[in-house]
Amino acid sequence: MDPRTNPAFLRGMTQSRSVTRRDALRLGGLSAAGLALAACGVEGKRVAPPARDAVAEYWASKRKNGTLRFANWPLYIDKDGKRYPSLEMFTADTGIKVTYQEAIQDVGTFFGKVQPLLAAGNDIGYDLMVLTNGFQLNRAIALGYLVPLDHSKLPNFAANASSAVKDPAWDPNNTHTIPWTVGVTGIAYNPKYVDKVTSMADLWNPRYKGKIGMMLDTQEAANFGMFALGIDPDASTEADWKKAGAKLKEQRDAGLVRKYYENDYVDALARGDIWITMAWSGDIFQQVAEGKDLRFVVPEEGGTIWTDNMCIPKTAQNPVDALTLMDYVYQPKIATMLVEYINYITPVTATRELVLADADKATGEKKASLKQIAESPLIFPSEADMAKLRSYKTLTTAQEKVFQDIFQPITQG
Amino acid sequence: MSAPAIAGTNARPAARGRSRLGDRLLKAYVWLILAWLFVPIAVMVVFGFNDTRSKSNVTWQGFTLRWWGRLDEYPQMIESVVNSLQVAALVTLITTVIGTLLGLALGRYRFRGQGATNLAMFAAIASPEIVMGASLLSLFISAGVKTGFATVVVAHVLFSLSFVAITVRARVIGLDRSIEEAARDLGASTWTTFWRITFPMILPGVVAGALLAFALSIDDFVITQFTNGALQTFPLWIFGATRNGVPPQVNIVGTLIFAVGVAIAVINSVTARRRT
Amino acid sequence: MKRLTPYLLILPGGLWLAIFLVVPMVFMASVSLQEGDSLNGFVQTFNVGIYGDVLAQYRTQFLRSAGYGLIGTLIAVVLAYPMAYWIAFKGGERKSTYLLLVLLPFFVSFVLRTVSWKFLLADDGMVLAPLKSAGLLPDDFHVLQTTTAVVGGLVYNYLPFMILPIYVALERVDPKVIEAAQDLYAARRQAFTRIVLPLSLPGVFAGVLMTFVPMTADYVNASILGGPDNTMIGNIIQVEYLTNGDYPTAAALSFALMAAMLIGIFAYARALGTENVLEAAAR
C-alpha cells in the first residue's frame, strides 16, 4: 500500500507550507557550490591480464576446501523436487558440499551487481558462476575478473568436450571458461498460422505484420540482421553493422515487430500473441515436450550459437572446488543427467548414446520423453545445422560503443 | 438528511426522482471501478490454486492445494521475501524515530531552515522514483560505496521519511496543548511531559507513519532496483521471474502478503473507529 | 536549551535528507558532465553539451512520456472525481470501508498486479477471447503492446493517488454549506460547480501532482505491457544506468526529467493560484 493514499498523510500534505522562493534559491546556491567541488571522476578499472606463470603461481597456493558456492540460471540443472541429483553424486564422489543458487536471471543485471565487487577485490558470494558469452563476459576477461583455469585438472573436458566448444574466439584455449551448456538461436513459429519456414526473410514477411517477435538483446538482433543480408557476423565490419541496422530499422518502422522480447517470447508464442519469432532451442524444445505445436528451425542463411560458460571469479574463496565441479560435469554420465533435464545442447558429444540407453531402460511417459530428447535436432543438431551457426562477433570496447549505438536504439529505443 | 427537508419548498418531486437515479448510477459506477481494481488481484489469487502441469501458469487446469506445500522449491524466492522483511523492519524503525522527531519539530516550532526542510520533504515526495534511485546510485558510485543491504535501507528511509514526518506533523498540529501546559504547571519536567503526555497523544500518528513506512518499503521496486547491488527483494525477484514464467508459488506468496495487509488494514480501521 | 530543541529534533532527519537527497542530486549533476566509460573510468570535463545531445536524441521518448502522463492524469481525474465525491458525500458510515476497498488491491506487489494485467489482456485471454468469439471484436484485435495498454496500466496503478486527495478535500466540505446554497435557491448543479468544485481544488491539485509525476517517470508498465513504440524516458534511463553503465548520459537524462517536472509543477501551481487556495483549505 502506498502512503500517498493515506488520508492522514494527505491532510498533512494539503496544509499550508511555508516554502518560499528564497528557500529554494538558498538550497540551489548551496548545491551549485557543491557542484563546483564535486569535480571528481570515477576511477577507471582496467587491469592487465595475468601472465602465464602467474597462472601456475595462483593455483599452487590453492587447496581444496570442501565447500562450493555455485551461481547459475533458473532451470539449468537437473532437479528432483528440492534435490539436485547430479550435485548429490558430486558430493558423494568428492566430498565437496555445494551451495547452489539460481542467482542469475540475466547476464546484464548479474554482471552489473558483481562488477563493482570484483573491481574492489571483494568476494561476490560465489566461487563458480555461469555467464553467457557476449559483452559482459568479454569485459570480465578484459578486466581480469576471472581466474585462469588449470587445464591439467580438467582431463574430462579435454577428453569429452566437442570440438565446437573448444578454443572459442572470445576465450582462446579456454583460458578462463568452459561451457556449461550450448544453445542455438533460430526461428520458432506456430504452424497454425505460418507456413513452413526455411529462410530468415520470413521474419520480414509483411503477411505476419504485428505478429513477429524479435529479441531485445542487441547481439542477437544484430546477428539476424546480418544473416538476412547474407553477411557472416564473424567477418563483419562497421559498415556491415550499419547495413544490418538499417535492415532491422526497416523491419521496425514497417510495424512488423510486435515486441522486442527477452525470454518472455515463449509465453507470447505459446499464447498466440506472436506467430513467428527469434527463439532459443531449449525453450522451444520444452514447449514441444509439453505438447504445444510449435516448430523450430535454423534458417538457411544461418543461426547463432552461444554458450553459457562456467567461470571462476578472481575473488573466489574455493577455486579448487570450483575447478573440480567444472571437470566433474564433463563425464558423459553426468552430462547425460544434465541434458535430460536442461534440454539445451550439451558440450559433451557422447551423451546421445547414453540418453538412448536410458530411454531403453525406462518405461512409459519417461521413455517417450527420453526418446524425444535423443532424437531432437534441437538438442543434438545435425552437422548441416552446425555448419550454418555463427557466434556473436567479438568486439573491442571501442567497437562495442559503435555497435550499441547502432543496434540499441532499434531494440530498446 | 436535513438538506431535502429544509429545501423541501424548493425541490420538485421530479427533481428529487432524478437526483435519486443519479445517486444510484453513481453508486453503480463506484462498484464498477472497485471491480476493475480487484480483477487482477482475483486472477492472482485464483491462479495460486491452478493445477498446472507445464512450467508456465497461463491456462486453468484444475484446482489444487499442492503448491502451498511446495513453497520451498524456490529458495531464492523465500530468501527475497526474507530480505524484503528485514529491510522493511529496519527501515520502519529508523524512519519512525527520525520522522517523528522531524514531525514534532515542524509542527510545534518556528525556526530558521523550516522552509528549506519543508522544501526538501516536498522534493522527496514529488521526485519521481527513478530520479531518486538514479541519483542515489550516482552518489554511491562516486563515493565508491558498495551497493547492497545498507544502501537499500538508506534509500527506503529516504523516501518514507517525509511521509512519516508529515503524518506526525498533522497530528501534532491538531494537538491540544492545554494538557501539556497543565502537566507543566503541576511541576512535570520537559522530558516527563513529553513521554507521558505528548507521546501517547501523538502515538496514533506515529503508528500510522510506521505502517506507511513498512508498506512502502515492502513494495518498493524502482528505487530498490537501482540501489540493491546483489541483494534480492521480493518485488525484484518477481520481476526477474516474469522473464522465465511466474510459478504458482509466487501467486501464493503474493496472496499471503495481501492477506496480511488486509488484516492490518482491517484492524487499523476497526481500532480507528473505536478511537474517534 | 529550549531554543535549540527544534534544531536538535530535525537534526537526524534533516541530515538524512541533506546527505541522501540533496547531495546525490549534486553528484548526479556532476556525473552528467563527465565523459568516459565504465571500463576506462570517467573524467570530469564539464561537458554541458551532453544535455543538448540527450534531449535531441531522446526527444521522442521525453514527449511521449509527458503525453502519457498528461493523458493518464486527465483520465485519472475524470475517473476518480465521481468516486471520491460519492464516498465523501454518500458513503455515510461505511466511508472508511469504501476507502479500504479502494486501497486493498494495492497490498499486492505493483509488479504482480501489472503481470496479472498482462495475463488478462492476452490476445486470446480471458477478456478478449470471449469477445472475439462473440464477434464483437475482430480476430486480430490486440490490447497488449499498444499505447492503450500502457496508459491503462498507468491509470490503474496510480488511481488511488488521485482518489484519496480529492476525497480528503471533499470530506472537509461542510454539508451545511451545500444546504445553505440550496436554501438560496441554487440548483444541485450550481451548488456543485460554484461551491463544491472550487473547495475540492486543493485535493485535485495534490492528486494531479501525485499522479502526473510518477506516471511520466514510470517504466515498468511500458516494459511489461508495451511494445517498441511505447518506450518511455524511464526505460531509457534504466537501460543507460543498469545495462550500458553510461552514467553521464543516464544522469543527464534523469536531471533533465527532474528539471522538466519541477518547472511544470511550479507553473501549474502558479496558474492555479494554489497558494491561496491551500491556505484557505488549511483553516
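The structure this text deals with has already been given above.
Residue numbers restart at each chain and count upward from 1, following the sequence in its written direction. For naming, the first written chain is A and the first written ligand is 1, with later ones following in the order written. Only residues with pLDDT of at least 70 are given local features in this predicted model, and only at 80 or more are side-chain atom pairs given and counted; all residues enter the totals for whole chains, interfaces and linings. Side-chain metrics in this entry use all non-hydrogen atoms of the structure; hydrogen atoms and water are not considered.

1. So, the overall build of chain B
Which entries qualify depends on this criterion: In this text, helices come from DSSP runs of H or I with a minimum length of four residues, and strands from runs of E with a minimum of two, each type numbered from the N-terminal end. Only heavy atoms enter the contact rule, under which two residues are in contact if any of them lie within 4.5 Å. To be clear on the numbers: accessible area is Shrake-Rupley with a 1.4 Å probe, and residue cover counts the displayed protein chains and nothing else.
Per the secondary structure count, chain B includes eleven helices and zero strands. The linear arrangement of helices and strands in chain B, starting from the amino end, is α-α-α-α-α-α-α-α-α-α-α. In chain B, the proportion of contacts linking residues at least 24 apart, taken out of those at least 6 apart, comes to 69%. When the accessible surface of chain B is summed, it comes to about 12,000 Å², and 65% of that surface belongs to carbon and sulfur atoms.

2. Concerning the overall build of chain A
What counts is decided by this rule: Each residue's exposure class comes from its accessible area (1.4 Å probe, protein chains only) as a fraction of the maximum for that residue type: buried when under 20%, exposed when over 50%, partly exposed otherwise.
Counting its secondary structure elements, chain A contains 17 helices and ten strands. With 413 residues in all, chain A has 58% of them scored as buried. Total accessible area on chain A is roughly 16,600 Å²; 54% of this is exposed by carbon and sulfur atoms.

3. Looking at the interface of chain B and chain C
Rule in force here: Throughout, the accessible surface (probe 1.4 Å) given up by two parts as they are put together, summed over both, is called the buried area. By definition here, a salt bridge exists when the distance from a side-chain nitrogen of Lys or Arg to a carboxyl oxygen of Asp or Glu is within 4 Å. Any N or O atom pair separated by 3.5 Å or less is treated as a polar contact, with the protein-specific requirement of one donor-capable and one acceptor-capable atom, and with residues adjacent in sequence counted only for side-chain atom pairs. Residue polarity is assigned by list, with Asp, Glu, Lys and Arg as charged and Ala, Val, Leu, Ile, Met, Phe, Trp, Tyr, Cys and Pro as nonpolar; anything else, Gly included, falls into the polar class.
Every contact between the two is made by 76 residues of chain B and, on the other side, 73 residues of chain C. By the criterion of area lost to chain C, the three top residues of chain B are B:Trp36, B:Leu37 and B:Ile130, representing 9% of everything that side buries. We note a salt bridge from C:Arg113 to B:Asp219, for which the minimum N-O separation is 3.9 Å. Connecting chain B to chain C are eight residue pairs in polar contact (both at pLDDT 80 or more). Partitioned by chemical class, the residues of the side of chain B that touches chain C number 59 nonpolar, twelve polar and five charged.

4. Some thoughts on the packing of aromatic side chains
In this description, an aromatic ring pair is defined by two values, namely the gap between the centres and the angle between the planes. Applied cut-off: In summary, the pairing rule links any two rings of Phe, Tyr or Trp, Trp by its six-membered ring, whose centres are within 6.5 Å, and it sorts them by plane angle into stacked for under 30 degrees, edge-to-face for over 60 and tilted for everything else. Charge-over-ring placement is defined geometrically: NZ (Lys) or CZ (Arg) within 6 Å of the ring centre, and within 35 degrees of the ring normal.
What the rule picks out here adds up to 35 aromatic pairs over all chains. Ring pairs connect the aromatic residues A:Tyr76, A:Tyr265, A:Trp280, A:Trp306 and A:Tyr344, which therefore count as one cluster. A cation over a ring is seen here: A:Lys62 above A:Tyr58, with NZ or CZ 4.4 Å from the ring centre. Over the ring of B:Tyr74 we find A:Lys79, and its NZ or CZ is 5.4 Å from the ring centre.

5. Points about the side chain of A:Asp264
Looking at where A:Asp264 falls in the secondary structure, it is placed in the loop between strand E6 (257-261) and helix H10 (265-271). Engagement of the side chain of A:Asp264 in a polar contact is seen with the backbone nitrogen of A:Glu262, the distance being 3.0 Å.

6. Comments concerning the packing of helix H5 (residues 129-143) of chain B against helix H1 (residues 5-32) of chain C
Put simply, the rule is: In this analysis, axes come from line fits to C-alpha atoms, helices being fitted only over the stretch in contact, and the angle between any two N-to-C directions falls in the range 0 to 180 degrees. Angle categories: roughly parallel below 35 degrees, roughly antiparallel above 145, roughly perpendicular from 65 to 115, and oblique for all the rest.
In contact at an axis separation of 8 Å, H5(B) and H1(C) are set at 75° when each is read in the N-to-C sense. Between H5(B) and H1(C), the angle falls in the class roughly perpendicular. Contacts between H5(B) and H1(C) involve B:Val131, B:Met132, B:Ala134, B:Ser135, B:Leu136, B:Ser138, B:Leu139 and B:Ser142 on the former and, on the latter, C:Ile19, C:Phe20, C:Leu21, C:Val23, C:Pro24, C:Met25, C:Phe27, C:Met28 and C:Val31. Across the contact of H5(B) with H1(C), the residue classes tally to 14 nonpolar, three polar and no charged.

7. Here we look at the pattern of salt bridges
Once their charged atoms are close, side chains differing in charge can pair, the charge on each being opposite to the other. Residue and element names in this part refer to chain A. Tallied over the entire structure, the rule returns 26 salt bridges over all chains. In this structure, Asp127 and Arg69 form a salt bridge, with 2.9 Å as the shortest nitrogen-oxygen distance. Here Asp127 is found in the loop between helix H5 (107-119) and strand E3 (128-132), whereas its partner Arg69 is found in strand E1 (residues 67-71), with 58 residues between them in sequence. Across the pair Asp264 and Lys259 runs a salt bridge whose closest N-O atoms are separated by 3.9 Å. A single network of salt bridges, built from pairs that share partners, joins Arg69, Asp123 and Asp127.

Take it as geometry only, folks, not as evidence of what the structure does.
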